[in-house]
Amino acid sequence: MQKTRTKTRVFSGVQPTGNLHLGNYLGAVTRFVALQAEHDCLYCVVDLHAITVFQDPDELKYNTREVTAAFIASGIDPTRHIIFNQSQVSGHAELAWIFNCVARVGWLNRMTQFKEKAGKDRENASAGLYVYPNLMAADILLYHATHVPVGEDQKQHLELARDIAQKFNNDFARTIARAGYDGGFFPLPEPLITGPATRVMSLRDGLKKMSKSDESDMTRINLTDDADTIAKKIRKAKTDPEPLPSETKGLEGRPEADNLVGIYAALAETDREAVLRDFGNASFSKFKESLAELAATRLVPIGTEMKRLMADPVEIDCVLDDGAKRAHAIADPILAMTKDIVGFIRS
Ligand code: TYM
């Protein structure tokens, strides 16, 4: 019997490293929510990834629950889909080890995110940070996931996951065929990098990505910010002296304007063209006022719901526990088959 994989499955992850921001929300979480209607989805709080940089243990627990709360408050339904934290499914670490032995050092050396995160003191970075993309490939492929919604910054890691899947399928072609799989064992996962806000930039520098780790809180809007804080951050966002253009071509070479228009478009679920039809030739002060109002309308209810959920950590832990059990049920047979294919004896 030939075995084929026809079903689509969505997988994505978010690190519990604090300060979930507008970039995470627009680049990833809103896409997660949208994909629920048509796909089976797994959304993972990737605590194993988080510890590639030292995390205070109490903060890690808090942040894991907070990302879970953000998923639920944003509209992900943990009863129809799966929300879980990575360390509860040991298959992630086991498959990552196998992938450490499939991926080439030369591939990892090309990863720009490692270079950025390790900085100048590369010798002092954890070994985990270096092999991080192999763990990310394991996250996805442990579930035979076919589609992975992410922001632009994860594109290179997704390409590596595809390379790992391809090399595994080639290296083990003989035992994969013997196991009856047609067209390879691991699917080549498709990145889904869509919408007007796949790379949200810092509010203070249109050439720098909005990031959890930026020292200044004024560079980002956090999901837990209140309406006044959101308004203040948007009012103080860097802009240029010209009014807004009426067509997208006029945003070229104006990174701060482009960023704010992209944020507006994503929050309003439209595109840059439509935003500029409404705000072309408007001053930034007028545009920022509308943007602050829109951002608060979208984000404040999420922040409020997150705080309500965080008041009951036992309930959040139940969601993660239930999600982990259901994730195990998908992962375990795939991991078992992977072990057979590689040549490990199982009892
Ligand atoms: P992380 O935790 O850094 O970010 C979570 C998601 O948010 C997106 N994102 C952004 N999108 C637009 N603009 C921004 N400024 C911005 N900043 C972050 C990220 O692209 C990501 O989609 N390695 C991943 C987590 C991960 C993962 C996975 C993702 C681990 N395993 C498997 C997909 C599949 C990360 O560090 O994301």
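Not measured: the values here are computed from a predicted model.

**With respect to the overall build of the chain**
- Tallying secondary structure elements over the chain gives 14 helices and five strands in all.
- Here the C-alpha radius of gyration of the chain, 21 Å, is about what a compact globule of 347 residues would show, namely 20 Å.
- Each principal axis of the C-alpha atoms in the chain carries an extent, and together these give about 70 × 45 × 45 Å.
- The burial tally for the chain puts 51% of its 347 residues in the buried class.
- Long-range pairs, those at least 24 residues apart, make up 78% of the contacts in the chain between residues at least 6 apart in sequence.
- For the chain, the exposed area adds up to about 16400 Å²; of that, 50% sits on carbon and sulfur atoms.
- A gap of 4 Å separates the mean positions of the 43 positive and 47 negative side-chain charges of the chain.

**Side note on a positive patch on the surface**
- On the surface, a cluster of positive charge is contributed by Arg204, Lys232, Arg235 and Lys236.
- Within the fold, lysine 232 resides in helix α10 (residues 227-235).

**Let's talk about the pattern of salt bridges**
- Throughout the structure, instances matching the rule amount to 17 salt bridges.
- Salt-bridge contacts for arginine 162 lead to glutamate 190; the nearest nitrogen and oxygen are separated by 4.0 Å. Here glutamate 190 lies in strand β5 (residues 190-192) and arginine 162 lies in helix α8 (residues 155-171), a separation of 28 residues in the sequence.
- A residue is classified by how much of its surface remains accessible, and arginine 162, at 26% relative accessible area, is partly exposed.
- Owing to a relative accessible area of 39%, glutamate 190 belongs among the partly exposed residues under this scheme.
- For aspartate 322, the salt bridge is made with arginine 326, and the minimal N-O distance between the two is 2.9 Å. Here arginine 326 and aspartate 322 lie together in helix α14 (residues 313-342), a separation of four residues that amounts to about one turn.
- For aspartate 322, a relative accessible area of 37% puts it in the partly exposed group.
- The network of salt bridges with shared partners includes Asp217, Arg220, Asp225 and Lys233.

**Examining the pairing of strand β2 (residues 40-45)**
- Burial of β2 is extensive: five of the six residues sit out of reach of the surface.
- Note that strand β1 (residues 9-14) and β2 share six bridges and pair parallel. The residue of β2 that forms the bridge with glycine 13 is cysteine 44.

**Brief notes about the site of the ligand**
- Around the ligand sit 28 residues, and of these Gln15, Tyr132, Asp139, Asp153 and Val200 come closest.
- Residue glycine 23 places a main-chain N or O atom 3.2 Å away from a nitrogen atom belonging to the ligand.
- The separation between an oxygen atom of the ligand and a polar main-chain atom of glycine 151 is 2.9 Å.
- With the chains in place, 97% of the 720 Å² that the ligand exposes on its own is no longer accessible.
- Residue classes in the shell around the ligand are distributed as 12 nonpolar, 11 polar and five charged.

**With respect to the state of the cysteines**
- A full pass over the atoms with the stated rule returns zero disulfides.
- Between cysteine 44, a cysteine without a disulfide, and cysteine 41, which holds the nearest cysteine sulfur, the sulfur-to-sulfur distance is 13 Å.
- This cysteine, cysteine 318, is not joined by any disulfide, and cysteine 44 carries the nearest cysteine sulfur, 18 Å off.
- Under the relative-accessibility criterion, cysteine 318 is labelled partly exposed at 41%.

**Describing the domain arrangement of the chain**
- In terms of domain boundaries, the chain breaks down into domain 1 (9-198 + 312-342) and domain 2 (217-308).
- Domain 1 and domain 2 are separated by 30 Å when their C-alpha centres are compared.
- Facing the 15 residues of domain 1 at the interface are 18 residues of domain 2.
- Summed over both sides, the interface of domain 1 with domain 2 buries roughly 1400 Å², with 71% coming from carbon and sulfur.
- When residues of domain 1 are sorted by the area they lose upon contact with domain 2, Leu22, Tyr25 and Pro196 head the list and together hold 41% of the total.
- Applying the counting criterion to the domain 1 and domain 2 interface returns zero salt bridges.
- Here domain 1 and domain 2 share four residue pairs in polar contact (both at pLDDT 80 or more) between them.
- Contributions of two or more residues to the side of domain 1 that touches domain 2 are made by α1 (22-35) and α3 (57-74).
- Among the elements that make up the side of domain 1 that touches domain 2, the one with the highest residue count is α3 (five residues).
- Considering only residue class, the side of domain 1 that touches domain 2 consists of nine nonpolar, four polar and two charged.

**What about unusual backbone geometry?**
- Although it is not a glycine, asparagine 19 adopts a positive phi angle of roughly 55°.
- In the Ramachandran plot, asparagine 281 falls in the positive-phi region, its phi being about 70° despite a non-glycine side chain.

**As for the packing of α10 against helix α13 (residues 284-310)**
- Put simply, α10 and α13 touch, their axes get as near as 9 Å, and they point 145° apart. Between α10 and α13 the crossing geometry is right-handed. Contacts between α10 and α13 involve Ala227, Ile230, Ala231, Ile234 and Arg235 from the former and Lys288, Leu291, Ala292, Ala295, Ala296, Leu299 and Val300 from the latter.
- Split by residue class, the contact of α10 with α13 holds 10 nonpolar, no polar and two charged.

Definitions and cut-offs
Sequence order as written defines residue numbering, which begins from 1 separately in each chain. Predicted model: local features are reported for residues with pLDDT of at least 70 only, side-chain atom pairs are reported and counted for 80 or more only, and whole-chain, interface and lining totals are derived from all residues. Side-chain measures here rest on the full set of heavy atoms in the structure, leaving out hydrogens and waters. Helical segments are the DSSP runs of H or I of at least four residues, strand segments are the runs of E of at least two, and each set is numbered from the N terminus. Each radius of gyration reported is based on C-alpha atoms, and the globular scaling rule is 2.2 Å times the count of residues to the power 0.38. For every residue, the accessible area (1.4 Å probe, protein chains only) is compared with the maximum for its type, and the residue is labelled buried under 20%, exposed over 50%, or partly exposed between those bounds. Contacts are assigned to residue pairs with any non-hydrogen atoms lying within 4.5 Å of each other. Each accessible area is a Shrake-Rupley result for a 1.4 Å probe, and residues are judged covered by the shown protein chains and nothing else. Think of it this way: Lys and Arg go in the positive column, Asp and Glu in the negative one, and His and the chain ends go nowhere. To locate a charge, take NZ of a lysine, CZ of an arginine, CG of an aspartate or CD of a glutamate. Only residues whose relative accessible area exceeds 30% and that form no salt bridge are eligible for patches; like-charged ones are grouped when within 9 Å, while nonpolar side chains (Val, Leu, Ile, Met, Phe, Trp, Tyr) are grouped when within 5 Å. Salt bridge criterion: a side-chain nitrogen from Lys or Arg within 4 Å of a carboxyl oxygen from Asp or Glu. Any two strands are treated as partners once DSSP identifies two or more bridges connecting them. Only heavy atoms are used to decide nearness, and a residue is near a molecule or strand if one of them lies within 4 Å of it. Whenever a nitrogen or oxygen atom comes within 3.5 Å of another N or O atom, the pair is scored as a polar contact, on the condition that within protein one atom can donate a hydrogen and the other can accept it, and that pairs from neighbouring residues in sequence are kept only if both atoms are in side chains. Only Asp, Glu, Lys and Arg are considered charged, only Ala, Val, Leu, Ile, Met, Phe, Trp, Tyr, Cys and Pro nonpolar, and every remaining residue, Gly among them, polar. A pair of cysteine sulfur atoms is labelled a disulfide when the two atoms are within 2.5 Å. Bear in mind that the domain bounds are from an automatic or database domain assignment. For any pair of parts, buried area is found by adding up, for both, the accessible area (1.4 Å probe) each one loses once the two are put together. Convention adopted: a line fitted to C-alpha atoms gives each axis, helices being fitted over their contacting stretch, and angles between N-to-C directions are expressed from 0 to 180 degrees. The crossing is said to be left-handed when, going from far helix to near helix, the turn is anticlockwise and less than a right angle, and right-handed when the turn is clockwise.

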